[in-house]
Amino acid sequence: NNWKFSKVVGKSILTSLEDSHLDIVECGYLSDKSTSLESTLFNDVNHLKSYFDLDKETNRKIVVMINYGDFDVDNLPPNENNIIFGIRLAFHQKDADKALEYGKKVISKGYKLFIQPMVTALYSDYEFIELIEKVNKFNPYAFYIVDSFGSIDKQELLRYLLIADDKLNQNTVLGFHGHNNMQFVLTNAIITIESVLKREIIIDSSIYGMGRGAGNL
């Protein structure tokens, strides 16, 4: 629907998720391409705050997504009041080094950083370990395994989970972001929950599985 969620619908969804006691709620994208005020594609942080009336007291953590290259980090204001908990930064392998530098700037402005290397299956074991070693140097809040095309099977997932759980800094949360092209996503989410033993985990999901392509968990 091209992010066309009205303010009435957006606030209703947010309230329902709060009532369900979800820990983290992602509210949409930050993008320089945004032109509509009735959309969850936001052109700046103030647009996001006004859309959802985020100043009220709540226990939920609000996150917003940035696709690397879609939003100028210099336009991200300091997170002075911690109304927005964090930024989920997604990037392709070819942009990894530049995206990590971008992520460091996000952290310097007071936001928790959620690192999502899209299409994780394209990384060899060596490349995946190398990425983790770079990530460990600036200690983001969370690092993800991202099954962008819903194609990672059980053995592949277990291999990535084992590497990440072993190599990531101990205080970094490990996340799983799955799509459902081959109907694996629920099984893979359960495998993640049962396999990660050393740290906290995040399982991304969406209402009714809405999402790109075959949708999400």
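Look a little higher up for the structure.
All of these numbers come straight from a predicted model, not from anything done at the bench. (Residues numbered from 1 in each chain as written. Predicted model: local features only at pLDDT ≥ 70, side-chain atom pairs only at ≥ 80, totals over all residues. Heavy atoms only, no water.)

## Details of the packing of aromatic side chains
How we decide: Between rings of Phe, Tyr and Trp, where Trp is taken as its six-membered ring, a pair exists when centres lie within 6.5 Å; planes separated by under 30 degrees are stacked, by over 60 edge-to-face, and by other angles tilted. Secondary structure elements follow DSSP: runs of H or I no shorter than four residues count as helices, runs of E no shorter than two count as strands, and numbering proceeds from the N terminus. Type-normalised accessible area, obtained with a 1.4 Å probe on protein chains alone, sets the label of each residue: buried when under 20%, exposed when over 50%, and partly exposed for intermediate values.
Applying the stated criterion across every chain, the model contains 10 aromatic pairs. Here the aromatic rings of Tyr68 and Tyr102 are separated by 5.7 Å at their centres, their planes lie at 85 degrees, and the arrangement is edge-to-face. Placement of the pair is Tyr68 in the loop between strand 3 (61-67) and strand 4 (86-91) and Tyr102 in helix 3 (residues 96-108), with a sequence separation of 34 residues. Of the residues examined, Tyr102 reaches a relative accessible area of 9% and is grouped as buried. Considering the side-chain rings of Phe85 and Phe114, the 6.3 Å spacing of their centres and the 70 degrees angle between planes classify their relative orientation as edge-to-face.

## Section: the packing of helix 4 (residues 125-136) against helix 5 (residues 154-167)
As a reminder of what qualifies: As a rule, the C-alpha atoms of each element are fitted with a line to give its axis, helices using only the stretch in contact, and angles between N-to-C directions run from 0 to 180 degrees. Should an angle fall under 35 degrees it is taken as roughly parallel, and over 145 as roughly antiparallel, whereas 65 to 115 is taken as roughly perpendicular and any remaining angle as oblique. Left-handed describes a crossing whose near helix is turned anticlockwise from the far helix through less than a right angle; right-handed describes the clockwise counterpart. Contacts: residue pairs with any heavy atoms within 4.5 Å of one another. All amino acids are sorted into three groups, where Ala, Val, Leu, Ile, Met, Phe, Trp, Tyr, Cys and Pro are nonpolar, Asp, Glu, Lys and Arg are charged, and the leftover types, Gly among them, are polar.
Close contact between helix 4 and helix 5 brings their axes to 10 Å; oriented N to C, the two are set at 30 degrees. In terms of orientation, helix 4 lies roughly parallel with respect to helix 5. In this structure, helix 4 meets helix 5 at a crossing whose hand is right-handed. Along the contact surface, helix 4 presents Asp125, Phe128, Ile129, Ile132 and Asn136, while helix 5 presents Arg159, Tyr160, Ile163, Ala164 and Lys167. Looking at the contact of helix 4 with helix 5 residue by residue, the classes come out as 6 nonpolar, 1 polar and 3 charged.

## Some words on helix 6 (residues 185-195)
An α-helix turns once every 3.6 residues. As a result, residues three or four positions apart point the same way. Condition: This arc corresponds to the set of directions leading from the helix axis out to the C-beta atoms.
Among the residues of helix 6, Val185, Asn188, Ala189, Ile191 and Thr192 are the ones counted as buried. All buried residues of helix 6 lie within an arc of 160 degrees about the axis, which places them on one face of the element. For helix 6, the exposed residues set more than 90 degrees away from the buried face come down to Leu186 and Glu194.

## A closer look at the environment of Asn136
Tracing the backbone shows Asn136 in helix 4. Exposure remark for Asn136: the relative accessible area of 18% places this residue in the buried category. For the pair Asn136 and Thr172, spaced 36 residues apart in sequence, the C-alpha to C-alpha distance is 8.5 Å.

## Digging into the pairing of strand 4
Note the cut-off: Paired strands, in this sense, are two strands between which DSSP finds at least two bridges.
Burial of strand 4 is extensive: 6 of the 6 residues sit out of reach of the surface. Sheet analysis places strand 3 next to strand 4, joined by 5 bridges and oriented parallel. In the strand pairing of strand 4, Val64 is matched with Ile87. In this sheet, strand 5 (residues 112-117) lies alongside strand 4 in parallel orientation, the contact comprising 6 bridges. Pairing of Ala90 across the sheet is with Gln116, part of strand 5.

## Focus: unusual backbone geometry
We note that Asn82 has phi near 55 degrees; this positive angle belongs to a residue other than glycine. Mapped onto the elements, Asn82 comes out in the loop between strand 3 and strand 4. Positive phi is not limited to glycine here, since Asn139 has a value of about 55 degrees. If you trace the backbone, Asn139 turns up in the loop between helix 4 and strand 6 (142-147).

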